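Topology and contacts: notes
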Amino acid sequence: MARILITSALPYINGIKHLGNLVGSQLPADLYARYCRARGHEVMFICATDEHGTPAELAAAKAGKPVDEYCAEMHDVQAELARGFLLSFDHFGRSSSQRNHVLTQHLAGKLADAGRISEVSEKQVYSNADGRFLPDRYIEGTCPNCGYDRARGDQCENCTKQLDPTDLIDPRSAISGSTDLEVRETKHLFLRQSDMRDQLDKWIDSQRNWPVLTTSIAKKWLHDGDGLQDRGITRDLDWGIPVKRGDKDWPGMEGKVFYVWFDAPIEYIAATAEWADAQGLDDSAWQRWWRTDLGADDVRYVQFMGKDNVPFHTLSFPATLMGSGEPWKLVNYIKSFNYLNYDGGQFSTSQGRGVFMDQALAILPADYWRWWLLSHAPESSDSEFTWENFQASVNKDLADVLGNLVSRVTKFCRSKFGEVVPEGGTLGARETALMDALTTRLRAYETHMEAMEIRKSAAELRALWVLGNEYLQDAAPWSTFKSDPEQAAAQIRLALNLIRFYAIISRPFIPDAAASMMAGMQSDDWTWPDTVTDALAQLDAGHSFIVPDVLFAKITDENRAAWEAQFSGQR
Ligand SMILES: [Zn+2]
């Protein structure tokens, strides 16, 4: 059995995430975590809310709340939605935790000791009315290139020209609209990533089988233009982790905090420490996942994220860990995703376009969404959510194929034999052929799941369900029963076992439906099938079962039209 550490990119705190965010990291990470547990591996599955930075401060101000209170509330909202989607985190932490404060300050101190930090004076725009420095994108003005009057300090959205805030004509604060701005000098800490370019390059070259999407993004940042640049790790903000060198003050950095990109990935480690604290365990319990000198050498560490997060996870976070000179566990495999689009455009948090996690759960159970999202995961290219496709996929795959099999078999058995597994009859060539076909597909399913090929896994699972349906269609116990009830009994006995088998192998995708199927079969043996023949002989004649409630209701055309209209406009 292996030990597998799994982290999902951290959802940002300033609002409820949409389905595109969900399928870009947390949901596929959950699928993999559930699969690894089902195969008997020891799993640590970690996620957290990413709580620092200017957008959190602004969202709190908009909500009329102190930022710490706002973050605490939004964390609870996101945690509740994660439970709603059946995301099986071992711990869902907070990047604002005390554990992350201490660890971030510790790593910054170690980086400084190792000569990996430089102090740089820079000029930044200060807003007198707001009483704060403004990040580039919170300065607006007229573009000197095209005349667009809402260009941002980092880029003009209209002509895409990269800008410096000082390029803007008539600059103003995007927060208050004030034009009372001045340029002030301020000192910041920079992580000297450029010095570590060769080390990072070698490390990436030594990785086996990383997806092209992951390595190509990393290589581009390493080598394009002037190559990997040093990166500021501090900001002039109130909300964040105070800059300290270990547990000591950092002269000249008073009143500053670490930049959110620096402390967010460190929370993967801190959240594991939070988990140990919550379990009443000591430090060795989390260190054996993260310190190669304390047991993490045999851990396989897998990260899940959207493609926009790849540069930080292939370069900046490894540079932080390597540069500290301490033996931290580095990632072994990065599974990255393209984007999910919504009905001919993009999901948009700011415009409220698309389906958000709370809205999704308000209209349908989690399994419906989990199945569609995972079976259409944007792996090799962007993919698109449409209501038509969602309706077709739910109705065909879940209701017609899987749900119908469960309902037909259990109801037929109840009416002819009662609510017990029937006895009598023997299995023949047709059943042997079914088991051979199931075996081939099951092994393919396992291979795809291990490789985190999510769409291929879903297709294989669907094919496994289809085999059961085709068998029943062909064997037709409802007809056989009239001439040869013994034979029909053997067929139904096999089909009831098939339901339990499907519960086990479908559980990573659709955990609630799998639980209903298993409960219906009055079993709680979730052992992964070694051989199909054994797995289909677990429920003996005389074992009682109950007919489960309808597993999946069909989505009607009226539902579809109503939802299409409901989600087309503003949230
Ligand atoms: Zn412009």
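This text goes with the structure placed above it.
Remember, it's a predicted structure, so these values are computed and weren't measured experimentally. (Residues numbered from 1 in each chain as written. Predicted model: local features only at pLDDT ≥ 70, side-chain atom pairs only at ≥ 80, totals over all residues. Heavy atoms only, no water.)

**Notes on the overall build of the chain**
A count of helices and strands for the chain gives 20 helices and 19 strands. Principal-axis analysis of the C-alpha atoms places the extent of the chain at approximately 90 × 55 × 40 Å. Out of the 571 residues belonging to the chain, those deemed buried represent 55%. If you sum the accessible surface of the chain, you get close to 23,800 Å²; carbon and sulfur atoms cover 46% of it. Of the charged side chains in the chain, 59 are positive and 80 negative, and the gap between their average positions amounts to 2 Å. (Helix = DSSP H or I, 4+ residues; strand = E, 2+ residues; numbered from the N terminus. Buried < 20%, exposed > 50% of the residue type's maximum accessible area, 1.4 Å probe, protein only. Areas by Shrake-Rupley, 256 points an atom, 1.4 Å probe, with all protein chains shown as cover. Lys, Arg positive; Asp, Glu negative; His and termini not counted. Charge placed at Lys NZ, Arg CZ, Asp CG, Glu CD.)

**Some remarks on the sheet that holds strand β8 (residues 169-173)**
Taken in spatial order, the three strands line up as β7-β6-β8 in an open sheet, and their pairing is antiparallel. Because the sheet does not close on itself, it has two edges, and the strands there are β7 (151-152) and β8. With two bridges connecting them, strand β6 (residues 139-142) and β7 associate as antiparallel partners. Looking across to β7, one finds that G141 is bridged to A151. (Pairing = 2+ DSSP bridges.)

**Quick word on the packing of aromatic side chains**
A full pass over the atoms with the stated rule returns 30 aromatic pairs. When the ring of W261 is compared with that of F262, the centres are 5.9 Å apart and the planes differ by 85°; the resulting orientation is edge-to-face. The exposure classification of W261 matches that of F262, with both residues buried. Summarising the aromatic geometry, the rings of W261 and F312 are spaced 6.3 Å apart at their centres and angled 35° between planes, so their arrangement reads as tilted. Here the residue W261 occupies a position in helix α8 (residues 260-278), and F312 occupies one in helix α10 (residues 310-323), the gap between them amounting to 51 residues. With relative accessibility at 10%, the residue W261 sits in the buried group. Given a relative accessible area of 24%, F312 falls into the partly exposed group. Put simply, the rings of Y342, F347, W369, W372, F385, W387, F390, W563 and F567 pair up and form one aromatic cluster. (Phe/Tyr/Trp six-rings, centres within 6.5 Å; stacked < 30°, edge-to-face > 60°.)

**Considering the environment of G425**
As for its position among the elements, G425 is in the loop between α13 (387-416) and α14 (429-450). Judged by relative accessible area, G425 falls into the partly exposed class, the value being 29%. On a C-alpha basis, the gap between G425 and R137 in space is 74 Å, while along the polypeptide they are 288 residues apart. Leaving out residues up to four positions away in the same chain, G425 has contacts with E486, A490 and R493. (Contact = heavy atoms within 4.5 Å.)

**Brief notes about the packing of helix α2 (residues 26-38) against helix α12 (residues 366-375)**
Two elements in contact, α2 and α12, have axes whose closest approach is 10 Å; the angle formed by their N-to-C orientations is 100°. One finds that α2 runs roughly perpendicular with respect to α12. Where α2 abuts α12, its residues L27, P28, D30, L31 and R34 lie against R370, L373 and L374. When grouped by side-chain class, the residues that make up the contact of α2 with α12 number five nonpolar, no polar and three charged. (Axes fitted to C-alpha atoms, helices over the stretch in contact; angles between N-to-C directions. Parallel < 35°, antiparallel > 145°, perpendicular 65-115°, else oblique. Nonpolar A, V, L, I, M, F, W, Y, C, P; charged D, E, K, R; others polar.)

**Things to note about the coordination of the zinc ion**
Donor atoms from the polypeptide that coordinate the zinc ion comprise C143 (SG), C146 (SG), C156 (SG) and C159 (SG), at 2.3 Å from the metal. One can describe the site at the zinc ion as tetrahedral: its four donor atoms subtend angles covering 105 to 115° at the metal. Taken in chain order, the donor set of the zinc ion reads C-x2-C-x9-C-x2-C. Of this pair, C146 sits in the loop between β6 and β7 while C159 sits in the loop between β7 and β8, placing them 13 residues apart in sequence. (Donors = N, O, S within 2.8 Å, 3.2 Å for Na, K, Ca; no water. Tetrahedral: all angles 85-135°; square planar, octahedral: opposite > 155°, others 65-115°.)

**Overview of the nonpolar core**
Counting residues in hydrophobic clusters, the biggest one holds 172 residues, and the most contacted among them are W369, F390, L438, F501, Y502 and F509. For this core, the element with the most residues is α13, which contributes 12 residues. Dropping the residues within four chain positions of it, F509 is found in contact with L31, D367, R370, W371, L374, Y445, M449, I454, S457, A458 and L461. V125, I139, A151 and L168 belong to the second largest nonpolar core, which has eight residues in total. (Core = buried A, V, L, I, M, F, W, Y, C linked by side-chain atoms within 4.5 Å.)

**A look at unusual backbone geometry**
Note: most residues except glycine have negative phi, and most peptide bonds are trans. Backbone geometry places L86, a non-glycine residue, at a positive phi of 65°. Here L86 is to be found in the loop between α4 (67-84) and β3 (91-94). Its identity is not glycine, yet N209 carries a phi of approximately 60°, on the positive side. Along the polypeptide, N209 turns up in the loop between α6 (197-205) and α7 (212-223).

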